[in-house]
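Close look at the chain arrangement
Residue strings, one per chain:
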Amino acid sequence: MKIISTEYSQVLASRLAEELQCELIYTEYKHFPDNEIYLKTGMPDADTVIIGSIVDNDSFVQLLLLIDACEEAENITLVLPYMGYARQDKKFNPGEPISGRAIAKALSRNVKKVIAVNIHEEHVLSFFDCPATSVSLASTIGTYVREMDLSHTLILGPDVGAANFSQDVANACGSACDHLQKVRLSGVEVKIQPKNLDVRGRDVVIVDDIISTGGTLATAAGMLHEQGATSVHAICVHGIFASGGYARLLSGGIQSVASSDTIESAASKFSAARLIAQEILHS
Ligand code: R5P
């Protein structure tokens, strides 16, 4: 087995190669003067893993080109640590695309299996033309929380959509759990419905699949501080930190921010590599 990565998941790819004890192939990337992407990769194996998060349009095109470049491979497993566009899993308004479907269809050609990590909408997996699955980092986050050495920890989901995920994290670290109700006012503004939680004297860890602008968690943190929380921490799987999101969290009174390496940044404090390796080996 060989592993080939886009420019966007190089660190995670190297960790995955270590987990699987296999070769990480070097790929050369550059842009032509008109901004088209050029890449040149090494010889694939019969079993080849192509890995790359979709964080923007270039990252998507790099995946398309790698899949094409590896046409001699018999079994391509495509790993999408973060699958951008998966939030548009249906037409919310007439005239819109189902973006998750468009991306999934385009990436299915010549691919035998897709592995995603905490995909935002599981329904998007059904758009691939091959078996596709999403693994969850809830127990990895639970282990990370246990090592934070907090007291009277409360794991909190910021909205109903995060209720199951936060419960899974809480089960993994043996802490209490609750979730809030969120109303989204715009792409960057949310309103958290006040909820009487017993947070006085507690260390609260808000967990979510994605931190994008940080608006959701910063708003929740403000409410928790007002209610007497000792400290508030933010942990997510996919740390996008768009529009100054990281600074927004810290200036909003959040004591620490951690994410996985599905999107590589200085906030990446735990890895998805082992979980992805287990899924590759056991599926
Ligand atoms: C939405 O349903 C997601 O789970 C996240 O809560 C959302 O993407 C966070 O966005 P932001 O950080 O911009 O508030």
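Here the structure is shown first, and the text comes after it.
Residue numbers run consecutively from 1 along every chain, following the written order of its sequence. With the structure being a predicted model, the display of local features is reserved for residues of pLDDT at least 70 and the display and counting of side-chain atom pairs for 80 or more, all residues being used for whole-chain, interface and lining totals. Just so you know, side-chain values use all the structure's heavy atoms and leave hydrogens and water out.

**A word on the packing of aromatic side chains**
Centre distance within 6.5 Å is the pairing criterion for rings of Phe, Tyr and Trp, where only the six-membered ring of Trp is used; planes under 30 degrees apart are then read as stacked, over 60 as edge-to-face, and the remainder as tilted. The tally for this structure, following the rule as stated, stands at three aromatic pairs. Each ring, one from Phe32 and one from Tyr38, has its centre 5.7 Å from the other, and the planes form 75°; the classification is edge-to-face. Given the relative accessible area of 36%, Phe32 is considered partly exposed. Of the residues examined, Tyr38 reaches a relative accessible area of 27% and is grouped as partly exposed. In this scheme, a residue with accessible area under 20% of its type's maximum is buried, one over 50% is exposed, and one in between is partly exposed, where area comes from a 1.4 Å probe on protein chains only.

**Here we look at the pairing of strand 10 (residues 176–179)**
Consecutive residues of a regular strand have side chains that alternate between opposite faces of the sheet. Strand pairing is assigned whenever DSSP detects at least two bridges linking the two strands. Here a helix means four or more residues in a row that DSSP labels H or I, a strand means two or more in a row labelled E, and each is numbered from the N terminus. Pairing geometry for strand 9 (residues 154–157) and strand 10, over four bridges, is parallel. Within strand 10, the position partnered with Ile155 by the bridge is Cys177. When the strands point away from the viewer, a crossover counts as right-handed if the path from the first strand over the helix to the second runs clockwise. In this view, the connection linking strand 9 to its parallel neighbour strand 10 by way of helix 5 (residues 163–173) has right-handed handedness.

**Some thoughts on the side chain of Ser53**
Residue position: Ser53 is located in the loop between strand 5 (47–51) and helix 2 (57–69). Take Ser53: its relative accessible area is 0%, and that puts it in the buried class. Within polar-contact distance, the side chain of Ser53 engages the backbone nitrogen of Tyr82 at 2.9 Å. Should any heavy atoms of two residues lie within 4.5 Å, those residues are considered in contact. With residues near it in sequence (within four places) discarded, Ser53 still touches Thr6, Tyr8, Ser9, Ser59, Pro81, Tyr82 and Thr262. Polar contact criterion, stated in full: a pair of N or O atoms within 3.5 Å, where within protein one must be able to donate a hydrogen and the other to accept it, and residues adjacent in sequence count only if both atoms are side-chain atoms.

**Re the pattern of salt bridges**
Salt bridge, as used here, is a side-chain nitrogen of Lys or Arg placed within 4 Å of a carboxyl oxygen of Asp or Glu. In this structure the tally under the stated criterion is six salt bridges. Here Arg109 ties to Asp68 by a salt bridge, and the two come within 2.4 Å at their closest N and O atoms. Separated by 41 residues along the polypeptide, Arg109 in the loop between helix 3 (99–107) and strand 7 (113–117) and Asp68 in helix 2 bring together distant segments of the chain. Between Asp159 and Lys182 there is a salt bridge; the shortest N-O distance is 3.0 Å. Linking Asp159 in the loop between strand 9 and helix 5 with Lys182 in strand 11 (residues 181–184), this pair joins segments that are 23 residues apart in sequence.

**Looking at the packing of helix 4 (residues 138–146) against helix 5**
Between helix 4 and helix 5, the least distance of the axes is 7 Å, while the angle of their chain directions is 50°. On the basis of their axis angle, the class for helix 4 and helix 5 is oblique. Here helix 4 and helix 5 pass one another in a crossing that is right-handed. In contact with Ala138, Ser139, Ile141, Gly142, Val145 and Arg146 of helix 4, helix 5 contributes Phe165, Asp168, Val169, Ala172 and Cys173. When grouped by side-chain class, the residues that make up the contact of helix 4 with helix 5 number seven nonpolar, two polar and two charged. Axis definition: a line fitted to C-alpha atoms, limited for helices to the stretch in contact. Angles are taken between N-to-C directions and run from 0 to 180 degrees. Working rule for angles: under 35 degrees goes down as roughly parallel, over 145 as roughly antiparallel, 65 to 115 as roughly perpendicular, anything else as oblique. Here is the rule for handedness: rotate from the far helix to the near one, and if that takes an anticlockwise turn smaller than a right angle the crossing is left-handed, while a clockwise turn gives right-handed. As a working rule, the residues Ala, Val, Leu, Ile, Met, Phe, Trp, Tyr, Cys and Pro are called nonpolar, Asp, Glu, Lys and Arg charged, and the rest polar, with Gly in that last group.

**A few points about helix 6 (residues 215–226)**
Each full turn of the α-helix corresponds to 3.6 residues, which orients residues three or four apart in the same direction. To estimate how far a helix should reach, multiply one less than its number of residues by 1.5 Å. Given a rise of 1.5 Å per residue, 12 residues ought to cover 16 Å, and the 17 Å separating the end C-alpha atoms of helix 6 matches this to within 8%. Listed in full, the buried residues belonging to helix 6 are Gly215, Thr216, Leu217, Ala218, Ala220, Ala221, Met223 and Leu224. Buried-residue contacts for helix 6 involve strand 9, strand 11, strand 12 (190–193), strand 13 (203–211), strand 14 (231–239) and helix 7 (245–251). Downstream of helix 6 by a residue or two, Gly228 has a phi angle that is positive, lying close to 95°.

Nothing here speaks to function; it is all geometry.
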